[in-house]
Amino acid sequence: MAVKVLIFHIFLIILLHNCQGDVKADRVKKKIYQDITGLGTCFRRLNGTHEVGCSSGRSGNVGVVHYILYDRDLDWLIDRGTHQPYVALIHPENFKWSIVNKLAVSGKVNGLIILDGNHSLAKKPLSFTPDSTCPNDDYGLYKNSTDYQNCKKTTWNPDGTNMLFMRFDFPVFVMLNQTEVDFVVNQCYIKFNKPGGDGAPRDYPLCAAEVKDIMDAAVNTETCRRRTLHITNLNPDHYCDPLGDQNVFSTMKFVNKTEKREDKSIIIAATRLDASSLFDNLYPGADVLTGVVALLAAAEAIGKVKGDLNKKDIMFTFFQGEAYGYIGSSRMVYDMEKFKFPREYKTDVEEASNINMSHISHFIEVNQVGLRDGGDLWIHTDPISSRNTAIKKEVDDIKLAMTSAAKSAGISIGSAADGQPLPPASFQSFLSKRLISGIVLTDHQTSFTNKYYNSRFDEAGTIGADYPKGLNDTAKYDYATEQAKKLTKVATTLANTLYTLATGNTHANLSADEVTVSHLLFCYLFSPKCDLFRTVIDVANVDLLEKYKTPFPLYVGVDSTKNAITKITRHILAYFTGDLIVNRDVDNCTKDSTNTTYSYIWMQGREIKVTHKNGTKGMARERPICIRTLSELSAAVSPAFKIKNYKWGSGDYSTWTESVWPANAMSVRVFLLPSQQHETVILAVGVIVLLVSMLLVYFINARANILFGKDRSTSYMS
C-alpha cells in the first residue's frame, strides 16, 4: 500500500510541475498573496449600551481595490463601479465622516485603507479629532445640568467628528509604510484596476485586498461580560476586558495611619496620563504629555524644598483612562469615599494614613498646555461650586497665587469667563461628589487650540516640540526647543503656586529645570531609550527599553496588562521627589527591617562624563542607587466593574471594555482576483484532475498483483 501512495504522489508532483512550472520551493501562498505589514488597525470597544469601532467577518472581508484621490473617484465607485464589493484607498485629509458615510451607505465597500506612508511629509488635514465635540460629557460634572450639559455654553472640541464612538461595519486600516503604499497604488490599483479614459471598468483579472479584523466581542459591555463570566466548561471563552490600568501618585509628607490627617490638609496637583486614537498603537498624545512634563518638572522643584511644606501636603497625581469616561479619577474618588484609598488597612502593619475626600484642600489640574491661545494660559473654574462664598474665596486665592507666580516666571495667565463651565477635566470627578476649591490650567480660553485632540496627528510637530534638522539623538536629548522653554515657565509657575498654597509664603529661588524639561520631552515624545529613562529603571529591566522603537503608547489598554508609561512615570516621580538611601545594595534596597511605610526602588543611576586612565574621555553609568519614595500606584479601573449588580446603562461610571481578538486577527493582503468564468474553469479542471486521479488509483489498485507481484504478503512475512 505504501508503494501505491508513493507512486500516486510522484504522479501528482509531475502533474503539478507541468501545469504550474518550477515552484522553486516557494509556498503557493506567497505566490498568490502580498502581505501588508505596516498597519494601524481600528478595533472594537464596547460600553454599557452599544459597541463602537471596526470588525470584519470571521474569514476577513475581500474587495476590489479602488483608489479615491478626487471627488470623481468617489462618485465613480458609487455610480459606475460594477465589481463590488470594493476596498477603498484614501488619503488622511479625505478620512472624514462625509466621505466615510457615503461609502458606508453605498453598500459597495467591504473595507477602507488610509494611505499615510510618508506621515511626516504627507498633507495633514487642517483638523482631525475623532473624539466628540463635547468630550466625556456623559460622565462629567454637567451631564444632568440644564445650564451646562452638552456643551451649551462652550463647544470645547468643535472639530470633533465622533468617529471614535461610531460603529463601522467594515474594517478600517491605516497604512504606514510608504513602500507598501506605493506598491498598492502603482502595482495593484493603477496596473490592474484603474478605469480607462472613458471611465469604463477594467476587465479581469483585478487586484483585490483581503482585510481581516476579527473581533470577538459584540453588542455591549453587559452582554460581553455575561458571556465571559458564564462558565460552561473548564476553559471558558473570553470576549472582552475592562479598560483600565493604574494611577500614579505621591505625597510629599508621610503621615502614619496612627496619626490624624487633618481635614483640608492636602493639595492635589494632577494631570491625565492617557490619550486615544482610532487605531491600535497610534497614540502620540503630545498635548497630553505637555501636562505630564510640566507636572513632573514642578514635582522635581518641590521635591528639593519639601521640608518647607509646614501647612499642607501636596499630592502629585497622574490619572489613567481619562479619555474613556474619567476612569482613573472616578476610581480614586470612589476609593476615597469608601475610605480605601490608596488601600485597605492591614492589621499590625505600620503604613501611611489613607486619604479621604475631606482631606482635600485645593485641586490644581494641568490640562493641555502645549499650544497657546494668543500666547496665554487660562485658568478655568467651576461656576456651580463658586456660588459657595467660601469656595469662591479659596478659588480667588489660587488665582492670585498663580497669576503672581506666572508674572515672575515671565508668562501671561488669564481667567476664563466666570459663567463658563470647566473644560473636560479630571477635576470634574471630584466636584461631582464634593465641593472643592480648584482650577484647571489650559492653553485655551474657550474651544481647544489643539485641532488634533485624541488623534494620531497629536504629535511632537503639532505642538512645536520637534527639533532642527540634522541633530542626532544625543544632540536632541539636551536641546531646548521653544516648547521646552515655555513648559519650563509653566512648571515654574506651578511649583511656586503650590509652594505658596502649602506654606503661605513665597520662595525667591524656586524654579523648574529647563534641562529636565528638555529631557522629559525627548524621552516621552521621541525615544524611550533615553538616558533619563535608563537612569530610573532598575538594572535588571533596562533592556526592556530596547524593544520600544517608538515612544510609549498612551492608550490606557485593558486592566490585565500594565502600561510601560505608567511604570516609568512612577519611577521618575520617585526619582524627583524621593530620598537617596546610601549604603544599600539591590538585595536590601527594597526591604527595610525597621520601616515598612515607604517604597524602595532600585535604579540604575545617571550617566556621567568620565576620564579614563589613558586620558580619553567618555560616558559611564554611576553605580546603581536606592530611592526611598512615597510614590505609589492605585487602581484605575472603573468602579462599574467593582460594584455588584451594577446597572450598566445608568451612566454613573465608565463601562468601556475592549474586545478580545485572536493572535492572527488583523491582517491585510492583496492578490489578483480572476473572473468568475476563470474561476469556473479552474474548478472544472480541479474536478477533472480529481476524477482522473481517482480512476488512476482504482486502476493501480485493481492491477496491483500485475504491477507489484502476485503474493506480496508472503514477502512481508518472510
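Reading the values: rules and limits
- Every chain's residues receive numbers from 1 upward, in the order its sequence appears when written.
- Selection of residues for local features in this predicted model requires a pLDDT of at least 70, selection of side-chain atom pairs for listing and counting requires 80 or more, and totals for whole chains, interfaces and linings are taken over all residues.
- Each side-chain value is derived from all of the structure's non-hydrogen atoms; neither hydrogens nor water enter the calculation.
- Helical segments are the DSSP runs of H or I of at least four residues, strand segments are the runs of E of at least two, and each set is numbered from the N terminus.
- Buried means the residue's accessible area, taken with a 1.4 Å probe over protein chains only, is under 20% of the maximum for its type, while exposed means over 50%, and partly exposed covers the values in between.
- Contacts are assigned to residue pairs with any non-hydrogen atoms lying within 4.5 Å of each other.
- By this definition, two strands are paired if DSSP reports at least two bridges between them.
- Nonpolar core, defined: a set of buried Ala, Val, Leu, Ile, Met, Phe, Trp, Tyr and Cys residues in which side-chain atoms within 4.5 Å join the residues together.
- For helices, the axis comes from a line fit to the C-alpha atoms of the stretch in contact; other axes are also lines fit to C-alpha atoms, and the angle between any two N-to-C directions lies between 0 and 180 degrees.
- Helix span is expected to be 1.5 Å times the residue number reduced by one.
- By convention in these notes, a salt bridge is any Lys or Arg side-chain nitrogen within 4 Å of a carboxyl oxygen on Asp or Glu.
- Note that patches include only residues with greater than 30% relative accessible area and no salt bridge, and the join distances are 9 Å for like charges and 5 Å for nonpolar side chains (Val, Leu, Ile, Met, Phe, Trp, Tyr).
- Using the Shrake-Rupley algorithm and a 1.4 Å probe, accessible areas are obtained, with residue cover drawn only from the displayed protein chains.
- Orientation labels follow simple angle bins: below 35 degrees gives roughly parallel, above 145 gives roughly antiparallel, 65 to 115 gives roughly perpendicular, and whatever is left gives oblique.
- Note on convention: the crossing is left-handed when the near helix lies turned anticlockwise from the far helix by less than a right angle, right-handed when the turn is clockwise.
- Gly is put with the polar residues, along with every residue not named as nonpolar or charged; the nonpolar set is Ala, Val, Leu, Ile, Met, Phe, Trp, Tyr, Cys and Pro, and the charged set is Asp, Glu, Lys and Arg.
- Under the rule applied, a polar contact is a pair of N or O atoms within 3.5 Å (in protein, one hydrogen donor and one hydrogen acceptor; residues adjacent in sequence only if both atoms are side-chain atoms).
- When the centres of two rings from Phe, Tyr and Trp lie within 6.5 Å, Trp using its six-membered ring, the rings pair. Their planes under 30 degrees apart give stacked, over 60 give edge-to-face, and anything left gives tilted.
- Should the NZ of a Lys or the CZ of an Arg lie within 6 Å of a ring centre and within 35 degrees of the ring normal, that charge is described as sitting over the ring.
- Per-residue confidence from the predictor is reported as pLDDT, which spans 0 to 100.
- Disulfides are defined as pairs of cysteine sulfur atoms found within 2.5 Å of each other.

Visitor: Describe the environment of Cys 207, and please don't skip the residues or the numbers.
Guide: Considering the arrangement of structural elements, one finds Cys 207 in strand β9 (residues 206-213). Under the relative-accessibility criterion, Cys 207 is labelled buried at 5%. Between the alpha carbons of Cys 207 and Leu 672 there is a distance of 4.5 Å; along the sequence they are 465 residues apart. Apart from residues no more than four positions distant in its own chain, Cys 207 is found in contact with Val 64, Val 65, Cys 188, Phe 192, Asn 193, Val 670, Phe 671 and Leu 672.

Visitor: Residue-level account of the pairing of strand β19 (residues 599-603), with values.
Guide: With four of five residues buried, β19 lies mostly within the body of the structure. Bridge analysis of β19 against strand β22 (residues 625-629) gives five bridges, and the strand direction is antiparallel. Considered in β22, the bridge of Tyr 600 is made with Arg 628.

Visitor: Quick one: what's the story with the nonpolar core, residue by residue and with numbers?
Guide: Grouped together as the largest cluster of nonpolar side chains are 130 residues, with contacts concentrated most on Phe 95, Val 172, Ile 302, Phe 316, Tyr 324, Leu 441 and Tyr 524. Tallying contributions element by element places helix α7 (residues 286-303) first for this core, with 13 residues. Here Ile 302 is in contact with Met 252, Leu 309, Ile 314, Phe 316, Ala 495, Leu 498, Tyr 499 and Leu 510, once residues within four sequence places are set aside. Formed by 24 residues, the second largest nonpolar core is a distinct cluster that contains Phe 319, Phe 341, Met 357 and Ala 425.

Visitor: I'd love a proper account of the sheet that holds strand β1 (residues 34-36), names of residues and values included.
Guide: Judged by pairing direction, the sheet is mixed, and its eight strands sit side by side in the order β1-β25-β9-β5-β6-β7-β8-β2 without closing on themselves. Of all strands in the sheet, those bounded by a partner on one side alone are β1 and β2 (39-41). Sheet twist, expressed as the mean angle between neighbouring strand axes with direction ignored, is 30 degrees. Both β1 and strand β25 (residues 666-673) contribute to a ladder of three bridges, which runs antiparallel. Its bridge partner lying in β25, Ile 36 is registered against Val 668.

Visitor: Please provide a residue-by-residue account of α7, values included.
Guide: For α7, which comprises 18 residues, the first-to-last C-alpha distance of 25 Å matches the rise-based estimate of 26 Å (1.5 Å per residue) to within 8%. Burial of α7 is extensive: 18 of the 18 residues sit out of reach of the surface.

Visitor: An account of the pattern of salt bridges is requested, with residue identities and associated values reported.
Guide: Overall, the coordinates contain 19 salt bridges when judged by the stated rule. Between Asp 159 and Lys 451 there is a salt bridge, with its nearest N and O atoms 3.5 Å apart. On the criterion of sequence distance, the pair formed by Asp 159 in the loop between β7 (109-115) and β8 (172-175) and Lys 451 in the loop between β17 (437-442) and α11 (473-478) is long-range, its members being 292 residues apart. Asp 159 gets classed as partly exposed once you look at its relative accessible area, which sits at 25%. Residue Lys 451 is classed as partly exposed on the basis of its relative accessible area, which comes to 34%. Where Arg 167 meets Asp 169, a salt bridge forms, and the shortest distance between an N and an O atom there is 2.8 Å. Residue Arg 167 is classed as partly exposed on the basis of its relative accessible area, which comes to 47%.

Visitor: I'd love a proper account of the environment of Leu 525, names of residues and values included.
Guide: Within the element layout of this structure, Leu 525 appears in helix α13 (residues 514-525). Along the sequence, Leu 525 and Gly 285 sit 240 residues apart, while their C-alpha atoms lie 8.7 Å from each other.

Visitor: Explain the pairing of β25 to me, using residue names and the numbers behind them.
Guide: With eight bridges connecting them, β9 and β25 associate as antiparallel partners. For Asp 213, the partnering residue across the bridge sits in β25 and is Met 666.

Visitor: Any chance you could break down a nonpolar patch on the surface for me, citing the residues and the numbers?
Guide: A grouping of Leu 683, Val 687, Leu 690, Leu 691 and Met 694 is seen on the molecular surface, where their side chains present a nonpolar patch of about 490 Å² in accessible area. As for its placement among the helices and strands, Val 687 is situated in helix α17 (residues 676-702).

Visitor: Give a detailed account of the packing of α7 against helix α12 (residues 482-503), specifying residues and quantitative values.
Guide: Contact geometry for α7 and α12: axes closest at 8 Å, N-to-C directions at 50 degrees. Considering the angle they form, α7 stands oblique to α12. Note that α7 runs across α12; the crossing there is right-handed. Every residue of α12 that contacts α7 at Thr 290, Val 293, Ala 294, Ala 297, Ala 298, Ala 301 and Ile 302 is listed here: Leu 487, Val 490, Ala 491, Leu 494, Ala 495, Leu 498 and Tyr 499. A class-by-class count of the residues in the contact of α7 with α12 yields 13 nonpolar, one polar and no charged.

Visitor: Tell me about helix α6 (residues 221-229), and name the residues and values.
Guide: When we look at burial in α6, the residues that qualify are Thr 221, Thr 223, Cys 224, Arg 225 and Thr 228. Looking at the buried residues of α6, the elements they touch are β3 (45-46), β10 (240-242) and β24 (657-659). Of the residues flanking the start of α6, the one acting as N-cap is Asn 220, its side-chain oxygen 3.2 Å from the backbone nitrogen of Glu 222.

Visitor: An account of the packing of aromatic side chains is needed here, citing residue identities and associated values.
Guide: Counted under the stated rule, the structure contains 35 aromatic pairs. With a centroid separation of 6.1 Å and an interplanar angle of 85 degrees, the aromatic rings of Tyr 334 and Tyr 653 are classed as edge-to-face. Separated by 319 residues along the polypeptide, Tyr 334 in helix α8 (residues 327-337) and Tyr 653 in the loop between β23 (631-637) and β24 bring together distant segments of the chain. The exposure classification of Tyr 334 matches that of Tyr 653, with both residues buried. Ring-pair connections join several aromatic residues into one group, and the members of that group are Phe 43, Phe 165, Tyr 283, Tyr 324, Tyr 555, Trp 656 and Trp 661. For Lys 124, the ring lying beneath its charged end belongs to Tyr 452, and the centroid distance is 5.4 Å. Between Arg 227 and the ring centre of Tyr 239, over which it is positioned, the NZ or CZ distance is 3.9 Å.

Visitor: An account of the environment of Trp 602 is needed here, citing residue identities and associated values.
Guide: Along the chain, Trp 602 falls in strand β19. Linking Trp 602 and Arg 584, residues 18 residues apart in sequence, is a C-alpha distance of 9.2 Å. Not counting the four nearest positions on each side in its chain, Trp 602 is found in contact with Ile 537, Asp 538, Val 539, Arg 584, Asp 585, Val 586, Cys 589, Pro 624, Ile 625 and Cys 626.

Visitor: So, the side chain of Ser 55: which residues are in play, and what are the values?
Guide: Looking at the secondary structure, you find Ser 55 in the loop between β4 (51-52) and β5 (61-68). Assessed through its relative accessible area of 12%, Ser 55 is described here as buried. Among the polar contacts made by the side chain of Ser 55, one reaches the main-chain carbonyl oxygen of Asp 213 at a distance of 3.5 Å. Separated by 3.5 Å, the side chain of Ser 55 and the backbone nitrogen of Met 215 make a polar contact. Apart from the residues within four sequence positions on either side, Ser 55 is in contact with Arg 44, Phe 168, Asp 169, Phe 170, Pro 171, Asp 213, Ile 214 and Met 215.

Visitor: I'd like a rundown of the confidence of the model for the protein chain, residues and numbers included.
Guide: Averaged over all residues, the pLDDT of the protein chain equals 89, while 90% of them reach at least 70. Low confidence marks residues 1-25, where pLDDT is under 50. Its contacts with residues over four positions away, or in another chain, come to 14 contacts. Predicted confidence is poor over residues 714-718, with pLDDT under 50, and the contacts of this stretch with residues over four places away or in other chains come to zero contacts.

Visitor: Give me the state of the cysteines: which residues, what numbers.
Guide: Think of a disulfide as a covalent bridge from one cysteine sulfur atom to another cysteine sulfur atom. Under the counting rule described, the total for this entry stands at six disulfides. Across the disulfide, Cys 42 is cross-linked to Cys 54 (sulfur-sulfur distance 2.0 Å). Disulfide Cys 42-Cys 54: the torsion about the S-S bond is 85 degrees, which places it as right-handed. Of the two residues, Cys 42 is situated in the loop between β2 and β3 and Cys 54 in the loop between β4 and β5; the sequence distance between them amounts to twelve residues. On the accessibility criterion, Cys 42 (2% relative accessible area) is buried. Two residues share a disulfide in this structure: Cys 589 and Cys 626, whose sulfurs sit 2.2 Å from each other. The sign of the S-S torsion, about 90 degrees, decides the handedness of the disulfide formed by Cys 589 and Cys 626: right-handed.

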